Structures are given as structure tokens and as C-alpha cells.
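# Structural characterization, general
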Amino acid sequence: MFSKETYINRRKRLAEKVESGLILMLGNKDVPMNYADNVYHFRQDSTFLYFFGIDLQDHAAIIDVDNNKEYLIGDDISLGHIIWMGPQPTMEEKAASVGVENIKSMSELPKMIADALASGKKVHFNPPYRGENIMWLSDLLGCHHSEVKEKASLEFTKACIEIRSIKEPCEIEEMERHMAVAYKMHTTAMRMAHDGASEQAITGALEGISMSGGGMVSFPIICSKRGETLHNHNHGNVLKTGDLLLVDGGSESPLHYATDHTRTSPVGGTFSQRQKEIYQIVLDANNISREATKPGVTYKDVHLVAARVLASGLKDLGLMKGDVDAAVAAGAHALFMPHGLGHMIGLDVHDMEDYNDTLVGYMDEMERSSQFGLGALRLGRTLQTGFCVTNEPGIYFIPALIDQWKADGTNAEFINFDKVESYKDFGGVRLEDDILVTEDGCRILGDRIPITVDEVEATVKEGL
Ligand code: GLY
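In what follows, the accompanying structure is described. (Residues numbered from 1 in each chain as written. Predicted model: local features only at pLDDT ≥ 70, side-chain atom pairs only at ≥ 80, totals over all residues. Heavy atoms only, no water.)

A word on the overall build of the protein chain. The helix and strand tally for the protein chain stands at 16 helices and 15 strands. Here the analysis covers contacts within the protein chain between residues at least 6 apart in sequence; of these, 74% occur between residues at least 24 apart. Counting only carbon and sulfur atoms, one obtains 51% of the accessible surface of the protein chain, whose full area is about 18,900 Å². Separation between the mean location of the 45 positive side-chain charges and that of the 69 negative ones in the protein chain comes to 2 Å. (Helix = DSSP H or I, 4+ residues; strand = E, 2+ residues; numbered from the N terminus. Contact = heavy atoms within 4.5 Å. Areas by Shrake-Rupley, 256 points an atom, 1.4 Å probe, with all protein chains shown as cover. Lys, Arg positive; Asp, Glu negative; His and termini not counted. Charge placed at Lys NZ, Arg CZ, Asp CG, Glu CD.)

In C-alpha cells, the structure reads:
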């Protein structure tokens, strides 16, 4: 947990941004995996964690903006709970640890909300994303569960986004400290990228490193020689020399801050000429777009910088043709990179996307594009000092997408489909770093995981 003052200060800033009413934050409960007592590993709600810091099940909190009062809501645990799950701090101790003066029991929460609603007060909450909390809110608000999300408070959500988007020094320290675990995960995957290794074994090793390093993985690990499937969670293949292994994996720090990196390694330790050429274009896109990342620049423009590097490199290889700027404007490069350049990262790997990814990534600044590829860009708005983002360009050869575009003649003036056909067995390359926007530019968080052709080949060979 951060210092008590950190949480007090965050809540003070939040209350200043919400005009009136009650701010209601629900913590998460345990969620059954296959029967009630066999639950998924507990993960606290990130908004609750950010403002109230308590990393335990079955809590809620209220900030009464009009009366300048804060309440931590929950119950001291019973002996039965202590026998099975161990002791826990008292409600009083928990409230004191995060600077909250008032405590209410869970049985008092419904009346607090009912009284506020009866007196015409606004009850602010963020859009819930778990079924349990949708049902909980449905009961508290006295409305059908299907109506809960539309009653969420845009004013409150925007205030949360404004505050959480700028990472505090203590958050940056926590994230940066945990980058050592990410480094170990990815260099281990490289050292395991050998003929006969199974994707499942590598995935297991990475999950183990994450857990030993302080927390669970920040999203299901993507570890596949079929890297052209962007979120490939199938780990059923055995690697062969000459394959490309794409690993997109991250870990949660002890305080639940995410890492998220992607590296692509040549199985056996040597890139083929064709692999090296594609790899180098993606690496150039990664480096050049990072150079473009600075406060005051829109991330949409940074995405387009990367897109131009990709299109230009693919043109040099004869896979694209025509004017590069026109190709990027038409979205032709999206045949090879159908996703956005990156997203915000923090307490969530896609930070705050439980609120609404378009709102987080665009606020009221600009419309999100509907163009294939650019529309998948989750962050478009102007960068500010203190933003943490990922930078993850890629090139993929997705047979089904190639077939569709070729059949439809999509962007045919910019794509050499005959040459692209010969790359259909290539797979994919993605190279991703986590980046902090600084006052005059940006910097990679933590030591950079090996990324140049030579560095990656050497790291793979260390495991031979
Ligand atoms: N690295 C996984 C994702 O960004 O979705």
C-alpha cells in the first residue's frame, strides 16, 4: 500500500472534481470458478484500489461530496473466516490505514443509498464490469440490472480518468521496480525458444516468474509461433527451428501495476533473411514512434508515424506499392497491422478500460476513427507528462484477412497481393515496450528487454 496521504490526496482531488452527491465505489467480491468455494484468484477493482487502497474482498466506500465525509463500508470478519482464511485487520485498522474517518457496516449501505436517492441526491458510480457488482448495484439502486450501466456517472468517470491518467511518482516507482520481473519473463522465454520446446512449457515458466516476482500475470499470456493471431491464447504447439515465437506477456506488481511487453524470437537463435527484414521494419517503427512520443502530441499522430514506417518498409520489400502517405491515409498498412500502436497502462494493463476504452483514449478531444485498423487504436488523445503507454507496432500475415482483401480488391492500388501470398506462412512480429511520457519526451520504463536482432539472437543462443 502507498502512504495514507496518497489516498487522502487522491480522494480530495476527486471530490473537488465532482460537483455534488454521493460517490459510490464498490470493491470486488470473490468470483466462483466452478463452484462457490473454489474461487478465481482475487483481484480488487482498480478504482477502489486507487482511491481506497484496500486489497480485500467485500468492501465498498462512499464519498459524500456535499458534506465532505468519507465512509469505508464492510464488516469485521467472523471466526469461521479466520479459521479458513486467516486473520485480517479490523475495519477500524483498515480505515485508519487509508485515512478514512467513518465506518459503516455492509447492512447499512442500502439505506445510505436509498436515503440519498429519496432526497434527490445524485449517486455517482462507474460502469460495472462484473456480473456480481451489476446485480449489487441493481439492488442498491432499485432498478433492473439491464438499466444499471446507463445510470453510471459520466462526471465521476471523467474525473477518475483525469486523475488516474497522470501517474504519480510513487506509481512510476512501483511500475519501474516491477519491470525487472518483466525483463526476466521475456529473457526466459527467449532462452527457451528452442527446437522441441512447447508453448505450454514456456507459458508456464512465465506465469511462475510473474507469481514469484510479486503478482499474477496482468492478462492471459500470448505465447505462440502463430503470432499472426493477435491474442493467441492457444499454447498447443511445439516449436521448430526456424519458427518465430511471439510472446506478449505482463505481470502485476505487488500493488497491482501492470507490465506489458512483446518480443519475437527466432526459434533456434538465428533469424532467416526474410524474418530479419520484417523484424527490422517493426523495430524501426517502435524506435521512431517512441522518438515522436512527447507531451502535446496526439497519440493518433504517433500511431500514424509508426504506420508510415511500416508502409515504407513494406514498400521497400515489394509487399506494398504506391505513395506511402496515400497508402496510410487509405488504411492500407492495416492489412499488416490491424491494431493500434498502443494503450495506456497502469493499474490495468489497458488502463481504465472498464470505464469505456473510447472515453479513456479520446475523452472529448476527437472522434475515434471508424477506419479498419485506425479504429482499433485505443488511445488517440494528446499525451501529457506522466502518461504511461505501451508502444507495440507489429507486422502480421493473417491468411484469412489477406484472402478477404484480395478477393474484395481492398486497397489493391497499395498492396502487391501476389508477393503477399508468398508470406502467408510467415506468422507475425510485434515489439512492445512500456513508456513514460516525460516533460520533454519519453523514456522506456525499466531496462530495455533485448530487442535488436543481435541482442535477441544472442539471448536465444544463451539457452542452447
Ligand atoms: N498486450 C496485450 C494487449 O495489449 O492487448
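The next subject is the nonpolar core. By size, the foremost hydrophobic cluster in this structure holds 120 residues, and its most contacted members are Leu14, Ile278, Phe336 and Phe397. In terms of residues, this core owes the most to one element, helix α11 (residues 299–316), which gives nine residues. Beyond its immediate stretch of four places on either side in the chain, Phe397 contacts Glu228, Ile278, Leu319, Phe336, Ile402, Val420, Tyr423, Lys424, Phe426 and Gly427. If you look at the next biggest cluster of nonpolar residues, it comprises 21 residues, including Ile73, Trp136, Leu137 and Ala152. (Core = buried A, V, L, I, M, F, W, Y, C linked by side-chain atoms within 4.5 Å. Buried < 20%, exposed > 50% of the residue type's maximum accessible area, 1.4 Å probe, protein only.)

The next subject is the packing of aromatic side chains. The full count for this structure, using the stated rule, is 10 aromatic pairs. Seen in terms of ring centroids, Phe48 and Phe52 are 5.6 Å apart; in terms of plane orientation they differ by 25°. Their pairing is stacked. Within this pair, Phe48 and its partner Phe52 are both found in helix α2 (residues 46–52), separated by four residues, close to a single helical turn. The residues Phe48 and Phe52 share a single accessibility class, namely buried. Through pairs of rings, three or more aromatic residues link up here, namely Phe336, Phe397, Tyr423 and Phe426. The positively charged end of Arg11 is found above the aromatic ring belonging to Phe52, 4.8 Å away from the centroid. Lying across the ring of Tyr423, Arg274 places its NZ or CZ 4.7 Å from the centre. (Phe/Tyr/Trp six-rings, centres within 6.5 Å; stacked < 30°, edge-to-face > 60°. Lys NZ or Arg CZ within 6 Å of the ring centre and 35° of its normal.)

Attention now goes to the site of the ligand. Surrounding the ligand, one finds Phe219, His231, Asp248, Asp260, His343, His350, Glu392 and Glu432. Within the side chain of His231, an N or O atom sits 2.8 Å from an oxygen atom of the ligand. Here His350 contributes a side-chain N or O atom positioned 2.8 Å from an oxygen atom of the ligand. Among the residues making up the shell around the ligand, the classes are represented as one nonpolar, three polar and four charged. (Near = heavy atom within 4 Å. Polar contact = N/O pair within 3.5 Å; in protein donor to acceptor, adjacent residues only side chain to side chain. Nonpolar A, V, L, I, M, F, W, Y, C, P; charged D, E, K, R; others polar.)

Here we take up the layout of surface pockets. One way to see where empty space is left: roll a probe the size of a water molecule over the atoms. Taken as a whole, the largest pocket holds about 720 Å³ of empty space. If you go around the largest pocket, you meet 24 residues; those closest to its centre are Arg43, Tyr129, Arg130, Ser218 and Asp348. Taken together, the residues of the lining of the largest pocket sort by class into nine nonpolar, six polar and nine charged. (1 Å grid on protein atoms, 1.4 Å probe; cavity = no way out; pocket = protein on both sides within 12 Å on 5 of 7 lines; lining within 4 Å. Points joined across faces, edges and corners; volume = space filled by probe spheres on them.)

Assignment of secondary structure puts His186 in helix α8 (residues 169–191). Among the residues examined, His186 registers a relative accessible area of 2% and is labelled buried. Setting aside its immediate chain neighbours within four residues, His186 contacts Val247, Gly249, His261, Thr262, Arg263 and Ile449.

Now for the pattern of salt bridges. A full pass over the atoms with the stated rule returns 30 salt bridges. The closest approach of N and O atoms between Glu16 and Lys12, which form a salt bridge, is 3.4 Å. Here the residue Glu16 and the residue Lys12 both occupy positions in helix α1 (residues 4–17), the gap between them amounting to four residues, near one helical turn. Take Glu16: its relative accessible area is 56%, and that puts it in the exposed class. Note that Arg274 is salt-bridged to Asp425, the shortest N-O span being 3.0 Å. Within this pair, whereas Arg274 is found in helix α10 (residues 273–291), its partner Asp425 is found in the loop between α15 (417–421) and β13 (428–430), the two being separated by 151 residues in sequence. (Salt bridge = Lys/Arg side-chain N within 4 Å of Asp/Glu carboxyl O.)

Within the secondary structure layout, Pro87 lies in the loop between α3 (79–85) and α4 (91–97). Judged by relative accessible area, which is 73%, Pro87 ranks as exposed. Remark: the alpha-carbon pair of Pro87 and Ile77, spanning 10 residues in sequence, is separated by 8.1 Å. What Pro87 contacts, discounting residues up to four positions off in sequence, is Ile77 and Ile82.

Where nonpolar side chains cluster on the molecular surface, the patch consists of Leu79, Ile82, Ile83, Trp84 and Met85 and spans about 660 Å² of accessible area. With respect to the helices and strands, the residue Trp84 is situated in helix α3. A relative accessible area of 76% means that Trp84 is categorised as exposed. (Patch = residues over 30% accessible without salt bridge, like charges linked within 9 Å, V, L, I, M, F, W, Y side chains within 5 Å.)

If you walk through the whole model with that rule in mind, you get zero disulfides. With no disulfide of its own, Cys160 has Cys170 as its nearest cysteine by sulfur position, at a separation of 17 Å. Take Cys388: it sits in no disulfide, and the sulfur closest to it among the cysteines is that of Cys442, at 11 Å. By relative accessible area, Cys388 is classed as buried at 0%. (Disulfide = S-S within 2.5 Å.)

Before going further, it helps to examine the packing of α1 against helix α7 (residues 154–165). Closest axis-to-axis distance for the α1/α7 pair is 9 Å, and the angle between their directions is 135°. Compared by their axis directions, α1 and α7 come out oblique. For the crossing formed where α1 meets α7, the hand is right-handed. On α7, the residues touching Arg10, Arg13, Leu14 and Lys17 of α1 are Glu155, Phe156, Ala159, Cys160, Glu162 and Ile163. Of the residues in the contact of α1 with α7, the class split is five nonpolar, no polar and five charged. (Axes fitted to C-alpha atoms, helices over the stretch in contact; angles between N-to-C directions. Parallel < 35°, antiparallel > 145°, perpendicular 65-115°, else oblique. Left-handed = near helix turned anticlockwise from the far one by under 90°.)

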